[in-house]
Amino acid sequence: MTNTLLITGGAGFIGSHFTKYWIATHLQDRVVALDALTYAGNTANLAEVWNDPRFRFIPGRIQDQASVEWIFKTEKITRVVNFAAESHNDRSLLDPGALIQTNVYGVSVLLEAARKFGVERFLHVSTDEVYGTTDTGVFKEDDPLLPNTPYSAGKAGGEMVVRAHHVAYGIPTLVTRGGNTFGPNQYPEKLISFSLTRLLQGKKIPLYGDGSQRREWIAVRDHCAGIATVLEKGEPGQIYNVGDHNERTNLWIMQRLLSELGMDERLIKRIEDPRGGAHDRRYSMDTAKLQRMGWKPERSFDEALSATVRWYRENESWWRPIVESEDYQTFVRRFYGRYLGEDL
Ligand code: TYD
């Protein structure tokens with residue numbers, strides 16, 4: 001059957017990879033990408049599908065009910081994949097209220113439209129951060145949600161709205177919780193993308209605290225394939241962890257990037273932890289539920305990381321305008337300002 005997907009946040013990092021993945025692998029389907037083009041959205045991320053007749057881009061916000069309803073109606077949307085979100089912990093600490101509009105209210109607007117016009121599937125992309133932190137063991141899908149940052153609290157709130165619409169109105173919802181994701185086209189504010197773009201400009205990289213916090217990392221293409229598996233085979237009302245068990249400390253990641261670039265470890269600048277008590281120590285997930293549906297990662301972590309380093313090296317024309325933009329420089333000054341004097 002032919003589907004028309006609405007991919008929200010389609011010009012963002014994971015959303016644009018998913019859009020390209022779907023267009024390439026589902027030749028009968030159409031994709032409508034909706035994106036607010038806030039600081040993190042970038043139409044250049046969609047260059048390779050921009051002129052495809054099966055693709056349409058619409059600028060707009062998921063909170064805008066009239067536009068969302070117009071899209072469902074005129075495009076005859078059959079499936080929704082919601083990537084649209086404010087997705088940065090450090091920004092969320094500077095401005096804790098703003099993200100509720102997108103990450104909670106916007107989800108409700110999309111679900112209301114799904115109810116009004118009917119959809120076959122509604123997949124909401126969430127994060128392992130909703131579980132909070134754990135020093136040992138792995139998070140399972142039915143563990144309690146104990147978010148510690150405004151960002152993860154907003155994502156947990158969005159999930160609750162999804163759950164309620166499934167229970168109350170029978171919307172065929174699915175939720176994925178992804179691990180820390182990396183790859184080409186990631187806005188240069190996250191550990192890997194921020195570090196690489198700074199190093200390539202000859203700047204030092206800030207290690208928060210002692211760098212012993214651990215994250216589990218997944219390559220963006222594998223994350224997209226995991227979401228696609230859930231969209232095709234998941235059971236409505238269910239939640240699926242999407243992770244690849246590559247657990248590494250932040251210090252390990254920085255050392256690996258430096259060695260890949262042939263640079264000196266003295267470029268690591270240890271700073272007092274700017275997240276303070278909101279800094280989760282460790283994320284780790286059980287992914288048996290997803291694997292039972294046949295998903296497995298395609299590429300090793302090492303290969304994917306090397307390819308990412310290569311991509312940032314070869315695509316300065318993509319990241320240079322971003323790091324020189326007013327918005328970016330304002331964020332860096334606001335968040336890291338007090339360390340900049342220490343030659344960061
Ligand atoms: P980040 O990539 O922002 O993702 P998240 O907060 O969603 O896990 O950060 C990953 C880890 O890296 C987190 O423990 C904070 C740390 N970190 C640094 O030490 N230095 C940096 O410059 C950044 C951006 C993050």
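The following paragraphs examine the structure supplied in this document. (Residues numbered from 1 in each chain as written. Predicted model: local features only at pLDDT ≥ 70, side-chain atom pairs only at ≥ 80, totals over all residues. Heavy atoms only, no water.)

## Quick notes on the pattern of salt bridges
Scanning the entire structure with this criterion turns up 20 salt bridges. Measuring nitrogen to oxygen at the nearest pair gives 3.0 Å for the salt bridge that ties Arg-30 to Glu-75. Linking Arg-30 in strand β2 (residues 30-35) with Glu-75 in helix α2 (residues 65-75), this pair joins segments that are 45 residues apart in sequence. When its relative accessible area of 27% is taken as the criterion, Arg-30 is described as partly exposed. Exposure remark for Glu-75: the relative accessible area of 8% places this residue in the buried category. (Salt bridge = Lys/Arg side-chain N within 4 Å of Asp/Glu carboxyl O. Helix = DSSP H or I, 4+ residues; strand = E, 2+ residues; numbered from the N terminus. Buried < 20%, exposed > 50% of the residue type's maximum accessible area, 1.4 Å probe, protein only.)

## Focus: the packing of α2 against helix α4 (residues 99-117)
Where α2 meets α4, the closest approach of the two axes is 10 Å, and the angle between their N-to-C directions is 40 degrees. Crossing geometry of α2 relative to α4 is assigned as right-handed. Counted together, Gln-65, Val-68, Glu-69, Phe-72 and Lys-73 of α2 and Val-109, Leu-110, Ala-113, Ala-114, Lys-116 and Phe-117 of α4 form the full contact between these two elements. (Axes fitted to C-alpha atoms, helices over the stretch in contact; angles between N-to-C directions. Left-handed = near helix turned anticlockwise from the far one by under 90°. Contact = heavy atoms within 4.5 Å.)

## Quick word on the site of the ligand
Taken together, 18 residues are adjacent to the ligand, and Glu-129, Pro-206, Arg-215, Arg-275 and His-279 come closest. A distance of 2.8 Å is found between an oxygen atom of the ligand and a side-chain nitrogen or oxygen belonging to Asn-250. Between an oxygen atom of the ligand and a side-chain N or O atom of His-279, the distance comes to 2.6 Å. Secondary structure elements with two or more residues in the shell around the ligand: α6 (191-200), β8 (205-208) and α8 (250-261). Looking at the shell around the ligand element by element, the count peaks at 3 residues for β8. A per-class count over the shell around the ligand returns 8 nonpolar, 5 polar and 5 charged. (Near = heavy atom within 4 Å. Polar contact = N/O pair within 3.5 Å; in protein donor to acceptor, adjacent residues only side chain to side chain. Nonpolar A, V, L, I, M, F, W, Y, C, P; charged D, E, K, R; others polar.)

## What about the side chain of Glu-159?
Tracing the backbone shows Glu-159 in helix α5 (residues 150-169). A residue is classified by how much of its surface remains accessible, and Glu-159, at 3% relative accessible area, is buried. In this view, Glu-159 contacts His-124, Ser-126, Val-130, Leu-145, Val-175, Arg-177 and Ile-239; residues no more than four positions away in its chain are not counted.

## Focus on the layout of surface pockets
The volume enclosed by the second largest pocket comes to roughly 430 Å³. Considering the residues around the second largest pocket, the lining is formed by 20 residues, among which His-17, Pro-184, Val-220, Arg-221 and Arg-299 are closest to the centre. Those elements that place two or more of their residues in the lining of the second largest pocket are α1 (13-25), α7 (220-233) and α10 (301-314). Here the element with the most residues in the lining of the second largest pocket is α1; it accounts for 5 residues. The residue makeup of the lining of the second largest pocket, split by class, is 9 nonpolar, 5 polar and 6 charged. (1 Å grid on protein atoms, 1.4 Å probe; cavity = no way out; pocket = protein on both sides within 12 Å on 5 of 7 lines; lining within 4 Å. Points joined across faces, edges and corners; volume = space filled by probe spheres on them.)

## Details of the sheet that holds strand β11 (residues 246-249)
Backbone hydrogen bonds hold the strands of a sheet together, and the pairing may be parallel or antiparallel. If you trace the 3 strands from one edge of the open sheet to the other, you get β7-β9-β11, paired in mixed fashion. Looking at the sheet topology across the chains shown, the edges are occupied by β7 (180-182) and β11. Across the sheet, the mean angle separating the axes of adjacent strands is 45 degrees when strand polarity is ignored. Bridge count for strand β9 (residues 214-219) against β11 is 4 bridges, and the pairing is antiparallel. Paired with Arg-215 across the two strands is Arg-248, which belongs to β11. (Pairing = 2+ DSSP bridges.)

Any functional reading would require information that these geometric values do not contain.
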